[in-house]
Amino acid sequence: MIVLKKLLLFSAAAFFYLQPYAQNTGKLTWGDIEKRSRYMPSLATVMNGSGTDVISLGFIFQNRGMTPVLSRFDEKLNQLYEKELFASDKNINFNTIFNLNGNIVMFTKQYDKDEKFTTLQATQIDQTTLGVTNTKEVGKFDAISKRNQAGITVKPSPDKNYVMVMANAPYNKNENEKYFISVWDNKMNKAWEKMITLPYADKFVVVDEFRVSNEGEVYVMCKHYDKEVNRERIRENGESIPSYKYKFFIYGKDDARPREHTLDFQNKFVHDVSLEFNTDGNITMLGLYKNKYNSYISGSFMAIFDKNTKLITMKRMQEFSFDGILAMVKKDGNASLKTDDPGLYTRFRIMGTNKRNDGSVDLLTELNYEYIVRTYNSSTHSYSEYPVYVAEDIVVINYKKDGNVVYTRVPKAQKQAYMDHNISFKWMNQGNNLVLFYNDSKKNLNRDLEKGVRSWGNESNTEFVMAVVNDKGELQRQSLFSNKGMGVIAKIPSCESVSPNTLVIYAEKMHRLARTRCQLGCLRFD
């Protein structure tokens, strides 16, 4: 049994106040620094446990496989318990893990090379003892080979009362789009399942997103190339228009056929779309669009689907202001101000949505992409490749209840080779404020917002930044701690909001010749 040293001490405690407009006080506390050997788990994610407990999931990598390890901490980050879940197996792959309202469920998939199928299993875990209480098969899907298996997506509903399992058959351009959907409650009782065949061939359908609602219904958003061409545009009456219709399908337990709806984009080209499920049962659709198929991102939209009337209403479709948000983002080199084609660069994509207490909704976008660097070794006459990950400006689009739209630019310029552990951002809502967390250089933090951003430099010398966007779109940034001073760097993908007022921060610094330093922190708002 691997037992981590208990985190008994606070190595740092910080109090900070958000002025002039933020009223909440945040308190940041840290556990003791660990020095991890290769036989200790590398943390992947954290989630809420029972009461104020925090649960972490890590992996031990050995023998070409990985062993999941769960740990439980109290609110002061004292480690209470740790447990390995199952022995390492190269054929078992971790898929995802959720706390479904008090029931921790880990999903794993296994490929059978002899029988040519992939099995998805759900393992239920007691959040106090971390012991396995039940394991069940939730799907078995045909595969062509290990490299050509069914694509499996597992997502919870916003309220965590349901979880959706979706698997699409391996791609075949000559067959209609097929996929399997099952919905389970938070105790992993099956609510319903269906094998779906869309009435369109694979090559004429591009699925953008699957989501499950708080009522256990599944929403599928896709582009249907109803003109049966595989290009984005066609000419009609001398005008270039989209060659597709943007549709979403709703699947429910008692539906013999899906409910199909088409969203009218007024001949705009859809760049990216996301859904926000409202407490009244209606659906808000948020996204980005382009005026031309090969242009920059021209603007954003918000549409409402009324579940009672079954109607979709485009509430707002607004182009980005030439001398507003575009001029600000242009300072960082991430927007075009060409008079015939202004807009954000097409590498901006939707990262998520946020609902504020005043009823307004945030669409969070970020310039985010990766590329491959290829190098040549003249001594060995061989090539090698490695990925480079880039995450730059954040653009927050806040839709007010009265129809107004407020834009905020959050400047940053992050680039990281080989891995993306320290770039991008996380967010949480605090009252009528949106709070963002990311790593950045001290120079950028102190730089006037009217000036263009600079590269963050070496990630080891950065600060962990909290940026607050108030209801007027005003931005205030401050450092919560120095990554250099702490000797560890915030690992952004592993930082999670575990409650409406609590963010758990995981920070580590890898060393080639020494053991990796790692530390847990907890930020709480009053």
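See above for the structure.
Residues numbered from 1 in each chain as written. Predicted model: local features only at pLDDT ≥ 70, side-chain atom pairs only at ≥ 80, totals over all residues. Heavy atoms only, no water.

**Describing the overall build of the protein chain**
Argument step 1. From N to C terminus, the protein chain includes three helices and 40 strands.
Argument step 2. Each of the 526 residues in the protein chain was classed as buried or not, and the buried ones make up 53%.
Argument step 3. Accessible surface, the protein chain as shown: approximately 24,600 Å² in total, 45% of it carbon and sulfur. (Helix = DSSP H or I, 4+ residues; strand = E, 2+ residues; numbered from the N terminus. Buried < 20%, exposed > 50% of the residue type's maximum accessible area, 1.4 Å probe, protein only. Areas by Shrake-Rupley, 256 points an atom, 1.4 Å probe, with all protein chains shown as cover.)

**A look at the pairing of strand β38 (residues 496-499)**
Argument step 1. Strand direction decides the pairing type here: β38 and strand β39 (residues 502-509), joined by three bridges, are antiparallel. Across the sheet, residue E496 finds its bridge partner in β39, namely V504.
Argument step 2. As consecutive antiparallel partners, β38 and β39 are separated by two residues. (Pairing = 2+ DSSP bridges.)

**Remarks on the pattern of salt bridges**
Argument step 1. Within this structure, the stated rule accounts for 14 salt bridges.
Argument step 2. One salt bridge in this structure joins R72 and D53, with 2.9 Å as the shortest N-O distance. Separated by 19 residues along the polypeptide, R72 in strand β6 (residues 65-73) and D53 in the loop between β4 (42-48) and β5 (54-62) bring together distant segments of the chain. The two residues R72 and D53 agree in class, both being buried.
Argument step 3. A salt bridge links D362 to R356; the nearest nitrogen and oxygen atoms lie 2.8 Å apart. Exposure class is identical for D362 and R356. Each is buried. (Salt bridge = Lys/Arg side-chain N within 4 Å of Asp/Glu carboxyl O.)

**Re the pairing of strand β11 (residues 132-142)**
Along any regular strand, the residues point their side chains to alternate faces of the sheet.
Argument step 1. Bridge count for strand β10 (residues 117-125) against β11 is nine bridges, and the pairing is antiparallel. Looking at the pairing, Q121 lines up with E137 of β11.
Argument step 2. The turn joining β10 and β11, which pair antiparallel and follow one another in sequence, is formed by six residues; a positive phi near 65 degrees is taken by L130.

**What about the sheet that holds β10?**
Argument step 1. Here we have four strands laid out as an open sheet, ordered β8-β9-β10-β11, and antiparallel in their pairing. What marks the edges here is a single partner per strand, and that holds for β8 (92-99) and β11. Taking the axes of each pair of neighbouring strands and ignoring which way they run, one obtains an average angle of 20 degrees across the sheet.
Argument step 2. Taken together, the nine bridges between strand β9 (residues 104-112) and β10 define a ladder with antiparallel strand orientation. Across the sheet, the residue bridging to Q110 is T119, located in β10. (Axes fitted to C-alpha atoms, helices over the stretch in contact; angles between N-to-C directions.)

**Focus: the packing of aromatic side chains**
Argument step 1. Going through the model one piece at a time under the given rule, you end up with 21 aromatic pairs.
Argument step 2. For the cation-ring pair, R347 lies above Y369, with the distance from its terminal atom to the ring centre recorded as 3.8 Å.
Argument step 3. Sitting over the face of the ring of Y383, R374 holds its NZ or CZ atom 4.1 Å from the ring centroid. (Phe/Tyr/Trp six-rings, centres within 6.5 Å; stacked < 30°, edge-to-face > 60°. Lys NZ or Arg CZ within 6 Å of the ring centre and 35° of its normal.)

**Quick look at the nonpolar core**
Argument step 1. Counting 21 residues, the largest nonpolar core has Y219, M221, F248, L275, M285 and F305 as the members making the most contacts within it.
Argument step 2. When contributions to this core are tallied by element, the ones reaching two or more residues are β17 (218-224), β20 (245-251), β22 (269-277), β23 (283-290) and β24 (299-306).
Argument step 3. Setting aside its immediate chain neighbours within four residues, M221 contacts V206, V207, D208, E209, Y246, K247, F248, V273, L275 and M285. (Core = buried A, V, L, I, M, F, W, Y, C linked by side-chain atoms within 4.5 Å. Contact = heavy atoms within 4.5 Å.)

**Some words on the sheet that holds strand β33 (residues 426-430)**
Argument step 1. Strand order across the open sheet formed by four strands is β33-β34-β35-β36, with antiparallel pairing between neighbours. At either end of the open sheet lies a strand with only one pairing partner, and these are β33 and β36 (475-482). The mean inter-strand angle of the sheet, taken between neighbouring strand axes irrespective of direction, is 25 degrees.
Argument step 2. In this structure, β33 lies alongside strand β34 (residues 433-440), joined through five bridges in antiparallel fashion. When the sheet's bridge partners are listed, M428 is paired in β34 with V435.

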